[in-house]
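Observations on the model geometry
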Amino acid sequence: MKQRSSEWFEARRGCFTASEIHRILGKEGLKATIGAVDTIALEKAVELAFGIDETENFMSSDMQRGVDLEPIAFELFKEKKGLSFLEVEECGFFKIDENSGASPDGLIKTMSEITSVLEIKCPKHLKYFKLVANGSSEIDFKYIAQMNMQMMATKTKECSFVNYLVFNNEEYSHEIIVEKDEALCELISERIKKAVIVRDEYVKTILSNIQ
């Protein structure tokens, strides 16, 4: 299942997914957190009731850079891991349950068994070199949450967080191993359960009130 294909969008329909899960992980009870849960629940309710409008997916310049460069970064990473007899494969959408799931940028296998997942980012050069200098402490929380949900979906314990940069015509790639945070995964599960309740109520209300 190719990412961003019609099949991929349909598999994600109404689901709470890894790339956006950080939105509902704020401190419980805060107005901002309640508002975030309500907003994303409404988005998912509309998807469930009416489908996904693939044409409305906003693509910023940073996102477009990632789309353009990720395939190159993937092939470079695959080649490097091949030297260590590890397999790297593209993958589609993995469901955690009927309400949630994740799409890693790849799977890393040892002897054909999935051992970890791959997440690729293509940041601007200063962010890239901050990650090189400071390591995991420099990773944005939204990516930490994203990777943990990917590990939940694939039942793995670690993720290769790979950053790729082309700067002054030179190619750079840097890998950070991120281990699964069980406490964060529990929080993600709890918040999704609460958001599902709000989503389903929205579905009922919208369908009953629609003209």
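Just above, that's the structure.
To start, this report covers the structure provided alongside it. Each residue is numbered by its place in its chain's sequence as written, counting from 1. Reporting of local features is limited, given that this is a predicted model, to residues whose pLDDT is at least 70; pairs of side-chain atoms are given and counted only at 80 or more, and all residues count toward the totals for whole chains, interfaces and linings. The basis for every side-chain value is the complete set of non-hydrogen atoms in the structure, without hydrogens or water.

For the rest of this paragraph, the subject is the overall build of the protein chain. Under the scheme used here, helices are H or I runs from DSSP no shorter than 4 residues and strands are E runs no shorter than 2 residues, and both carry numbers assigned from the N terminus. Of regular secondary structure, the protein chain possesses six helices and eight strands. In sequence order, the secondary structure elements of the protein chain are arranged as α-β-α-α-β-β-β-β-β-α-α-β-β-α. What the globule rule says is 2.2 Å times the number of residues to the power 0.38, and the radius of gyration is computed from C-alpha atoms. Taking 2.2 N^0.38 as the reference for a compact globule, 211 residues should give roughly 17 Å; the C-alpha atoms of the protein chain span a radius of gyration of 18 Å, in line with that estimate. For the protein chain, the spread of C-alpha atoms along the principal axes amounts to about 60 × 35 × 35 Å. The cut-offs for exposure are 20% and 50% of the maximum accessible area for each residue type, with area from a 1.4 Å probe on protein chains only; residues under the lower value are buried, those over the upper are exposed, and the others partly exposed. Residues classed as buried in the protein chain amount to 42% of the 211 residues present. Long-range contacts, defined here as pairs at least 24 residues apart, represent 68% of the contacts in the protein chain between residues at least 6 apart. When checking whether two residues touch, look at their non-hydrogen atoms; a contact exists if any pair is within 4.5 Å.

The strand order across the open sheet built from three strands is β1-β4-β3, with neighbouring strands paired in mixed fashion. Either end of the sheet is taken by a strand with one partner, and the two such strands are β1 (16-17) and β3 (94-97). Between any two strands, pairing holds if DSSP finds at least two bridges. As paired strands, β3 and strand β4 (residues 100-102) are joined by three bridges and run antiparallel to one another. Each residue of the ladder has a partner; that of Lys95, found in β4, is Gly101. Across the sheet, helix α5 (residues 141-154) touches β1, β3 and β4, and the angle it forms with β3 is around 85 degrees. The axes used here are C-alpha line fits, helices contributing only the stretch in contact, and every angle between their N-to-C directions lies in the interval 0 to 180 degrees.

This part covers the packing of aromatic side chains. Any Phe, Tyr or Trp ring, taking Trp's six-membered ring, that has another such ring centre within 6.5 Å forms a pair; planes under 30 degrees apart are called stacked, those over 60 apart edge-to-face, and the others tilted. Summed over the entire model, instances satisfying the criterion amount to six aromatic pairs. Ring geometry for Trp8 and Phe9: centres 5.1 Å apart, planes at 70 degrees, overall edge-to-face. When its relative accessible area of 8% is taken as the criterion, Trp8 is described as buried. Residue class for Phe9 comes out buried when judged on its relative accessible area of 11%. With centroids separated by 6.3 Å and ring planes inclined at 50 degrees, the aromatic side chains of Tyr128 and Tyr172 adopt a geometry described as tilted. Here the residue Tyr128 occupies a position in helix α4 (residues 125-134), and Tyr172 occupies one in strand β8 (residues 170-179), the gap between them amounting to 44 residues. Through a chain of ring-to-ring contacts, the aromatic side chains of Tyr128, Phe129, Phe167 and Tyr172 assemble into a single cluster.

Here we take up the packing of α5 against helix α6 (residues 182-209). Packing of α5 against α6 brings their axes to within 10 Å, and their N-to-C directions diverge by 85 degrees. It follows that α5 is roughly perpendicular to α6 by the angle criterion. Facing Phe141, Ile144, Ala145, Asn148, Met149 and Met152 of α5, the residues of α6 in contact are Leu184, Cys185, Ile188, Ser189 and Ile192. By the convention adopted, Pro, Cys, Tyr, Trp, Phe, Met, Ile, Leu, Val and Ala count as nonpolar, Lys, Arg, Asp and Glu as charged, and the other residues, Gly among them, as polar. A class-by-class count of the residues in the contact of α5 with α6 yields nine nonpolar, two polar and no charged. Between 65 and 115 degrees an angle is taken as roughly perpendicular, under 35 as roughly parallel, over 145 as roughly antiparallel, and anywhere else as oblique.

Turning our eyes to something else, we now look at the environment of Leu42. Topologically, Leu42 is positioned in helix α2 (residues 31-50). Judged by its relative accessible area of 34%, Leu42 is partly exposed. Separated by 153 residues in the primary sequence, Leu42 and Ala195 have C-alpha atoms spaced 9.4 Å apart. Apart from residues no more than four positions distant in its own chain, Leu42 is found in contact with Tyr202 and Ile206.

Right, let's get into α5. One less than the number of residues in a helix, times 1.5 Å, gives the span that helix is expected to have. Look at α5: 20 Å from first C-alpha to last across 14 residues, which is about the 20 Å you get at 1.5 Å a residue. In terms of residue burial, α5 counts as a mostly covered element, since eleven of its 14 residues are buried. Taken from the residues just after α5, Lys155 is the one with a positive phi, measuring 55 degrees.

In spatial order, the strands read β2-β5-β6-β7-β8; together these five strands make up an open sheet with mixed pairing. A single partner strand is all that each edge strand has here, and the edge strands are β2 (87-89) and β8. Across the sheet, the axes of successive neighbouring strands diverge by a mean angle of 25 degrees, strand direction being ignored. Direction of pairing for strand β7 (residues 158-167) relative to β8: antiparallel, over a ladder of ten bridges.

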